[in-house]
Amino acid sequence: GGTRRLIQPDSRTKILEVLQRETAERGYELQIIRFENMTFREQVSVVSDAALVIGVHGANLVNCMYMPPLSAMLELNPYRWHHGMYFEAGRAGVKYFSMSVSSGMEYEKWNEVGSMEECLSEHPCKIHYRDAMLDFNDADMATFTEKVQAAFSHLSRVVEGLKRPAAAA
């Protein structure tokens, strides 16, 4: 395995500011959860009540399989990393959003690798990108904000749909 994926501290602060603003504007409660010290049952309990889960690509996002139908998840990926693993959540009724940061440190032997496809098959290159720290520049923060707003728009449409009276048969 690799190391725990992290978000650079300044980026984390900016992300939290966006989340605090966006959740407050919409009447949602923001909870920062770390699964590392939680039991499996506690993890399932948290995600089964979540409208939106945002997390860095990794095993903890597997818990999203327990999210309620019509909820949303946003997967944050390191530079040059994209893995469609959680895209399948959409088939389970969870609206999937994803973004990758636009810059980061290159793999030292990138010129020898040739392509990202080859990198993903070469263990050291794959681990380098997969486990890289996420550092959000201004463009990345704009993309993050757009993705969060799109996720909340999805949730608003769900709520509005639930408020409509059922059609008469």
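On a predicted model such as this, the values are computed, not experimentally measured, just so you know. (Residues numbered from 1 in each chain as written. Predicted model: local features only at pLDDT ≥ 70, side-chain atom pairs only at ≥ 80, totals over all residues. Heavy atoms only, no water.)

(A) Summary view of the state of the cysteines. Within the structure shown, the criterion is met by one disulfide. With a sulfur-sulfur separation of 2.0 Å, Cys 119 is cross-linked through a disulfide to Cys 125. An S-S torsion of about -100° defines the bridge between Cys 119 and Cys 125 as left-handed. This pair shows no difference in class: Cys 119 is buried, exactly as Cys 125 is. (Disulfide = S-S within 2.5 Å. Buried < 20%, exposed > 50% of the residue type's maximum accessible area, 1.4 Å probe, protein only.)

(B) Fine view of the confidence of the model for the chain. In this model, the chain carries an average pLDDT of 88, and 89% of its residues clear a pLDDT of 70 or more. When mean pLDDT is taken per element in the chain, helix 1 (residues 9-26) scores highest with 97 and helix 4 (residues 116-121) scores lowest with 83. (pLDDT = per-residue confidence, 0-100. Helix = DSSP H or I, 4+ residues; strand = E, 2+ residues; numbered from the N terminus.)

(C) View of the nonpolar core. The biggest cluster of nonpolar side chains holds 28 residues, and the ones touching the most others in it are Leu 76, Trp 110, Tyr 129, Phe 136 and Phe 144. Breaking this core down by element, the ones donating at least two residues are helix 1, strand 1 (52-56), strand 2 (72-77), strand 3 (95-100), helix 3 (110-113), helix 4, helix 5 (123-130) and helix 6 (138-163). Per-element accounting of this core gives the leading share, six residues, to helix 6. Setting aside residues up to four positions removed in sequence, Leu 76 forms contacts with Ile 7, Ile 54, Gly 55, Val 56, His 57, Met 99, Leu 134, Phe 136 and Phe 144. If you look at the next biggest cluster of nonpolar residues, it comprises ten residues, including Phe 35, Cys 64, Val 94 and Tyr 96. (Core = buried A, V, L, I, M, F, W, Y, C linked by side-chain atoms within 4.5 Å. Contact = heavy atoms within 4.5 Å.)

(D) Quick look at a nonpolar patch on the surface. A cluster of nonpolar side chains, Phe 40, Val 62, Met 65 and Tyr 66, forms an exposed patch at the surface whose accessible area comes to about 400 Å². Of the residues examined, Val 62 reaches a relative accessible area of 39% and is grouped as partly exposed. (Patch = residues over 30% accessible without salt bridge, like charges linked within 9 Å, V, L, I, M, F, W, Y side chains within 5 Å. Areas by Shrake-Rupley, 256 points an atom, 1.4 Å probe, with all protein chains shown as cover. Salt bridge = Lys/Arg side-chain N within 4 Å of Asp/Glu carboxyl O.)

(E) Highlighting the side chain of Gln 43. Among the structural elements, Gln 43 can be located in helix 2 (residues 40-48). Under the relative-accessibility criterion, Gln 43 is labelled buried at 11%. Setting aside chain neighbours within four positions, we find Gln 43 in contact with Phe 35, Met 38 and Asn 63.

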